[in-house]
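So you can see what is in the structure, the chains are spelled out below.
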Amino acid sequence: MNVLSLFKHITTFVLDVDGVLTDGTVQLLPGGELSRKMNVKDGYALQLAVKKGYRIVVISGGKSESVVSRLQGLGIKDIYVNVTDKQEQLQDYVLENTLRWEEVLFMGDDIPDYRAMQMVGLPVCPADAVPEIKSICRYISPVSGGNGCVREIIEKVLKLNGHWEIDETIASK
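- Within an unreviewed UniProt entry, the label attached to the chain reads 3-deoxy-D-manno-octulosonate 8-phosphate phosphatase (KDO 8-P phosphatase), and the organism entered is Chitinophaga japonensis.
- According to the UniProt record, the Subunit (unreviewed entry) comment for the chain reads "Homotetramer."
- Looking at the chain in UniProt, the text filed under Sequence similarities (unreviewed entry) is "Belongs to the KdsC family."

Here is the structure:
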């Protein structure tokens, strides 16, 4: 089976934060605040996917108000932080939204994502994910975490479904 055919049926993107939406680096600031950086190309794709009716779900073990604020600014509503069991959170979400597992893509990069990723129809990871995660993925992005890997997978799905286009309302910002 061609792996691209799996992308065509995706309606829901589940994403980890650190190592996927960020490069995994955490900068320690005075006062104990942690700083992360996110790629604006990922932001464009996330915003467009939301506008096109795709579900974006963020499940993270971390807890950062600035991360939540950034994601909300992109139109993402389903943001779960400080999650200790990603598999349980994902099961609850899929059940509550009456989704089929084969329409769910999960992009993770490290061991806390492992069990949840095994449940979905399309487990994917960035190029720099740990070997255990790479071993269960149906697709490994050629792009590293925090450097546009989320854009790369969203763009694939949207293009396969005729939803990738220049959005003038976003492009003019």
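After that view of the structure, there is still more to cover.
## A closer look at the UniProt feature "binding site: substrate" (unreviewed entry) in the chain
Link 1 in the chain: According to UniProt, the positions carrying the feature "binding site: substrate" (unreviewed entry) are Asp 18.
Link 2 in the chain: Considering the arrangement of structural elements, one finds Asp 18 in helix α2 (residues 17–21).
Link 3 in the chain: In this structure, Asp 18 is in contact with Gly 24, Arg 36 and Asp 109, ignoring residues within four places of it in sequence.
Link 4 in the chain: A polar atom in the side chain of Asp 18 sits 3.4 Å from the side chain of Thr 22.

## Concerning the environment of Gly 148
Link 1 in the chain: Following the sequence through the fold, Gly 148 ends up in the loop between β8 (139–140) and α8 (149–160).
Link 2 in the chain: Separated by 105 residues in the primary sequence, Gly 148 and Gly 43 place their C-alpha atoms 9.0 Å from one another.

## Thoughts on a nonpolar patch on the surface
Link 1 in the chain: Taken together, the side chains of Val 26, Leu 28 and Leu 34 make up a nonpolar region of the molecular surface, amounting to roughly 260 Å² of accessible area.
Link 2 in the chain: Tracing the backbone through its elements, the reader meets Leu 34 in strand β3 (residues 34–35).
Link 3 in the chain: In this structure Leu 34 comes out as partly exposed when scored by relative accessible area, which is 31%.

## Comments concerning helix α4 (residues 65–73)
Link 1 in the chain: Along α4, the residues that are buried comprise Val 67, Val 68 and Leu 71. Down the axis of α4, the buried set is contained in an arc of 95°. They therefore lie on one face. Facing away from the buried side of α4, by more than 90 degrees, are the exposed residues Glu 65 and Gly 73.
Link 2 in the chain: Contacts made by the buried residues of α4 are with α2, β4 (55–59) and β5 (78–80).
Link 3 in the chain: Backbone geometry just downstream of α4 places Gly 75 in the positive-phi region, at approximately 95°.

## Concerning the state of the cysteines
Link 1 in the chain: This structure, assessed with the given rule, holds zero disulfides.
Link 2 in the chain: Cysteine Cys 125 is unpaired, with the sulfur of Cys 137 as its nearest cysteine sulfur at 3.6 Å.
Link 3 in the chain: By relative accessible area, Cys 125 is classed as buried at 0%.
Link 4 in the chain: Taking the relative accessible area as the measure of exposure, Cys 137 reaches 16% and is therefore buried.

## Notes on the nonpolar core
Link 1 in the chain: Core analysis: the biggest nonpolar cluster contains 33 residues, and Phe 13, Leu 46, Leu 105, Met 107, Val 150, Ile 153 and Ile 154 have the highest contact counts within it.
Link 2 in the chain: The residues contacting Leu 46, other than those within four sequence positions of it, are Leu 15, Leu 21, Ile 56, Leu 74, Ile 76, Val 150 and Ile 154.
Link 3 in the chain: Counting 18 residues, the second largest nonpolar core, distinct from the first, contains Val 14, Val 94, Ala 129 and Cys 137.

## Some words on the UniProt feature "binding site: Mg(2+)" (unreviewed entry) in the chain
Link 1 in the chain: When the UniProt feature table is mapped to this numbering, "binding site: Mg(2+)" (unreviewed entry) covers Asp 16 and Asp 109. Over a stretch of 94 residues, the named residues converge on one spot in the fold, their C-alpha atoms separated by at most 7.7 Å.
Link 2 in the chain: With respect to the helices and strands, the residue Asp 16 is situated in the loop between β1 (12–15) and α2.
Link 3 in the chain: Beyond its immediate chain neighbours, meaning those up to four positions away, Asp 16 contacts Leu 21, Ile 59, Ser 60, Lys 86, Met 107, Gly 108, Asp 109 and Asp 113.
Link 4 in the chain: Among the polar contacts made by the side chain of Asp 16, one reaches the side chain of Lys 86 at a distance of 2.9 Å.
Link 5 in the chain: Among the secondary structure elements, Asp 109 is positioned in the loop between β6 (104–107) and α6 (114–117).
Link 6 in the chain: For Asp 109, a relative accessible area of 12% gives the class buried.
Link 7 in the chain: Not counting residues up to four positions away in its chain, the partners in contact with Asp 109 are Asp 16, Asp 18, Gly 19, Val 20, Pro 126, Ala 129, Val 130 and Ile 133.

Conventions adopted
Residues numbered from 1 in each chain as written. Predicted model: local features only at pLDDT ≥ 70, side-chain atom pairs only at ≥ 80, totals over all residues. Heavy atoms only, no water. UniProt positions renumbered as here; feature names shortened; annotations may be inferred. Helix = DSSP H or I, 4+ residues; strand = E, 2+ residues; numbered from the N terminus. Contact = heavy atoms within 4.5 Å. Polar contact = N/O pair within 3.5 Å; in protein donor to acceptor, adjacent residues only side chain to side chain. Patch = residues over 30% accessible without salt bridge, like charges linked within 9 Å, V, L, I, M, F, W, Y side chains within 5 Å. Areas by Shrake-Rupley, 256 points an atom, 1.4 Å probe, with all protein chains shown as cover. Salt bridge = Lys/Arg side-chain N within 4 Å of Asp/Glu carboxyl O. Buried < 20%, exposed > 50% of the residue type's maximum accessible area, 1.4 Å probe, protein only. Arc of directions from axis to C-beta. Disulfide = S-S within 2.5 Å. Core = buried A, V, L, I, M, F, W, Y, C linked by side-chain atoms within 4.5 Å.

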